[in-house]
Amino acid sequence: MSTASVLADRARQASADRWRVRVQRVQHVGFRAFGWLLLAIVLVVALFPPYFMTITAFHPPSLSFSRTPTLFSTDLSLRAFAELFDKYPYLQWMANTALVSVCSTIFSVTVATLAAYSLSRLRYRGRSTLSSAVFFVYLFPSTLLFIPMFIVLNSLHMLNWLPALIAVYLTFSVPFSVWLLKAYFLSIPRELEDAAQVDGATRWQSLALVVLPLAAPGIAVACIYAFTLAWNEYLYAFTLLGDQEKFTLATGLTKLIFGDVFLWGMIMAGGVMMSAPLLILYFVAQRYIVAGLSAGAIKG
Amino acid sequence: MALRVGARRSALPQVWGRQGTLARDEAAFGYLLLLPAALLILVLVGVPFLNALWLSFHKKLLGATDAPWIGLQNYATLIADLVFWQAVKNTFVFTVGSIGSKLVIGLLIALVLNEALPMRGLWRSIVMLPYAMPTLVSVLVWKWMYNDVAGVLNYLATTAHVADHQILWLGDPSIAMPAVIAVNVWRGFPFFVITILAGLQTVPQELYDAAKVDGAGVWARFAQVTLPGILPVLAVTTLFSAILTFNDFSIIWILTQGGPGNATNVLATLTYKIAIPGLELGKGVAVSVLMLPILVLMIVFLNRFISRREELA
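Rules used in this analysis
Residues numbered from 1 in each chain as written. Chains lettered and ligands numbered in written order. Predicted model: local features only at pLDDT ≥ 70, side-chain atom pairs only at ≥ 80, totals over all residues. Helix = DSSP H or I, 4+ residues; strand = E, 2+ residues; numbered from the N terminus. Buried ≥ 20, exposed ≤ 12 C-beta atoms within 10 Å, placed from the backbone. Axes fitted to C-alpha atoms, helices over the stretch in contact; angles between N-to-C directions. Parallel < 35°, antiparallel > 145°, perpendicular 65-115°, else oblique. Left-handed = near helix turned anticlockwise from the far one by under 90°. Contact = placed C-beta atoms within 7 Å. Nonpolar A, V, L, I, M, F, W, Y, C, P; charged D, E, K, R; others polar. Domains from an automatic or database assignment. Expected span 1.5 Å × (residues − 1).

## Quick look at the overall build of chain A
- Across its full length, chain A holds 13 helices and 0 strands.
- Secondary structure elements in chain A, listed N-terminal to C-terminal, are α-α-α-α-α-α-α-α-α-α-α-α-α.
- Principal-axis analysis of the C-alpha atoms places the extent of chain A at approximately 100 × 75 × 35 Å.
- In chain A, which comprises 300 residues, the share counted as buried stands at 43%.

Rendered as structure tokens:
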């Protein structure tokens, strides 16, 4: 091959390289602009429903007697809230929901902590099968279980009885918490426990004094999720509670939707109050929740 | 293979023999700690599950005291019923449509948020907002926005001249399904964003640098470095969300109650409709039992994926 053709080849190569770099730069800028645009759209779409809920709650349709929705107003009032408290036992619903959520959370996380420790740390026959079984139960459909639950509680005259609902909620919060905590226990180094046991601690002592304090953030995440699941639950509460005084927020609020336009102010006011505890919880504990989400995968 | 299994089995008792009491002690402690949870699950899930299977073979009506055995008749009537097949189709459309959209949106937003953006923490918090709101409240807000008389979506669509008449978001059979999917996607996409974002952070930076040196462009780097790196996360997240979407009752029930006609009737809402307003408890349960094979298949896959990841970790 002649020197000239080698040089020509090199020049062609160099120009191709430059061209490729330029294409890549344009591509990069293009992708980036597209990404930002997309993010902006998604942010607006994510924010709009909560915003619209809030504006409807504080400027309810009954205030303007208009069928044009209010997108912005400085004329805010608490009338929808007052009307909601006046016409419906909203505070009773909130108390019921809080009772059911707190009790099922405490109970399930306690039981689940022991089980998760056992499944992640102790060796015995059938451990991995039992582990899979727990996971399986967590994803078991409530549509399959609510009918037998309904029949049994009906025959025992326990419909409309909140402790029965708490027990029913354990069907998902126990397996779920076990599964979440198991992943968490696996991430705690085993050496610390071994050291405690070498120093003469009993199994109970090493669990209570070494493992539990280390697992505290994981236990907190399990509590937040168990609480959220119970706070949100609809199907069981809807089928197992019939008495308005016993409703949870989920069932109480949905009973209102089959009314007319002017009820939406009250419904949104109820929605604001139902969301507030969870939103506060989420934004205070956001770091832990993100960690929990990445450790496993939670209700989507 | 068989040899190795055999070898392990014969090796086990020796090890246990040497530290027999310790192992036995550990096992006893393990079973003891597991006992409360196991009992609860057995009583609260195991018994109702067997009861559900039993019911599906009986003609149990709401309010009736007797429940005669009818064999497979509940299943036979369902399989001959077009409404059932419509619900099967709807369940798949709802699940696949929701999961597909959540996956695409979740992946794109996660990729954007993984870049060095100003105020990234704030954007991430806002993206989390739909996930932090109670599902039920989100569904109610969307129902209000979809309202055909005074809803904000119709107002925006007509004032922006996108539509010249009011759209029956939840009342038009061809729009209702996309409308309920949109609510599910709105609520569920942050879950995809957060898990995918966590997955992206585990992809080593050196791989990107190496790909850049090799002259790989944005697209090539995504397809050959990012995608293989986050594939396990994508699989787990997608399966997980698919299972929960497949089972979902409340979003569709509150928005449309399965209507108009049966346009959004999925297996979960069909179960309820047959069992409670329809009074046929046994037949209602049979619908849910028929969901089990696919559900079990998905759970088995997911469980295998997750335990493999745990072994690697």
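## Thoughts on the packing of helix α8 (residues 173-200) of chain B against helix α10 (residues 218-247) of chain B
Residues and elements named next belong to chain B.
- The N-to-C vectors of α8 and α10 enclose an angle of 150 degrees; their axes lie 9 Å apart at closest approach. Between α8 and α10, the crossing angle belongs to the class labelled roughly antiparallel. The element α8 and its partner α10 pack so that their crossing is right-handed. Note on element contacts: α10 touches α8 through T226, I230, V233, L234, T237, S241 and T245, opposite N184, G188, F191, F192, T195, I196, G199 and L200.
- Grouping the constituent residues of the contact of α8 with α10 by class yields 7 nonpolar, 8 polar and no charged.

## Some words on the domain arrangement of chain B
All names here are of chain B.
- The domain boundaries assigned to chain B delineate domain 1 (2-56) and domain 2 (73-312).
- Computed over C-alpha atoms, the centres of domain 1 and domain 2 are 36 Å apart.
- At the interface, 4 residues of domain 1 touch 6 residues of domain 2.
- A class-by-class count of the residues in the side of domain 1 that touches domain 2 yields 3 nonpolar, 1 polar and no charged.

## Some points on helix α5 (residues 120-132) of chain B
- Taking 1.5 Å per residue, 13 residues should reach 18 Å; α5 of chain B reaches 18 Å between its end C-alpha atoms and fits that length.
- Within the span of α5 of chain B, buried status applies to V127, M128, L129, P130, Y131 and A132 of chain B.
- In the core, the buried residues of α5 of chain B are packed alongside α1 (3-58) and α12 (264-284) of chain A together with α4 (82-114), α6 (135-146) and α8 of chain B.

## A look at the environment of G258 of chain B
All names here are of chain B.
- Assignment of secondary structure puts G258 in the loop between α11 (250-255) and α12 (267-275).
- Using a count of 24 C-beta atoms within 10 Å as the deciding quantity, one classes G258 as buried.
- Not counting residues up to four positions away in its chain, the partners in contact with G258 are I252, T264, N265, T269, L270 and K273.

## Some words on unusual backbone geometry
- Along the chain, G259 of chain B connects to P260 of chain B via a cis peptide bond; the corresponding omega equals -5 degrees.
- Relative to the helices and strands, P260 of chain B is located in the loop between α11 and α12.
- One non-glycine residue, N160 of chain A, lies in positive phi territory at about 70 degrees.
- Mapped onto the elements, N160 of chain A comes out in the loop between α6 (142-155) and α7 (162-186).
- Despite not being glycine, L279 of chain B shows a phi value in the positive range, around 70 degrees.
- By the secondary structure assignment, L279 of chain B is in the loop between α12 and α13 (281-312).
- Residue class for L279 of chain B comes out partly exposed when judged on the 14 C-beta atoms lying within 10 Å of it.

## Topic: the packing of α6 of chain B against α8 of chain B
Residue and element names in this part refer to chain B.
- Interaxial distance between α6 and α8 falls to 10 Å at its minimum, and their mutual angle equals 140 degrees. As far as their axial angle goes, α8 and α6 are oblique. The handedness of the crossing between α6 and α8 comes out as right-handed. Where α6 abuts α8, its residues T135, S138, V139, W142 and Y146 lie against A179, V183 and R187.
- In terms of residue class, the contact of α6 with α8 is built from 5 nonpolar, 2 polar and 1 charged.

## Re the interface of chain B and chain A
- Contact with chain B, which involves 79 residues of that partner, is made by 82 residues of chain A.
- No other element matches helix α2 (residues 20-56) of chain B, which puts 18 residues into the side of chain B that touches chain A.
- Of the residues in the side of chain B that touches chain A, the class split is 58 nonpolar, 18 polar and 3 charged.

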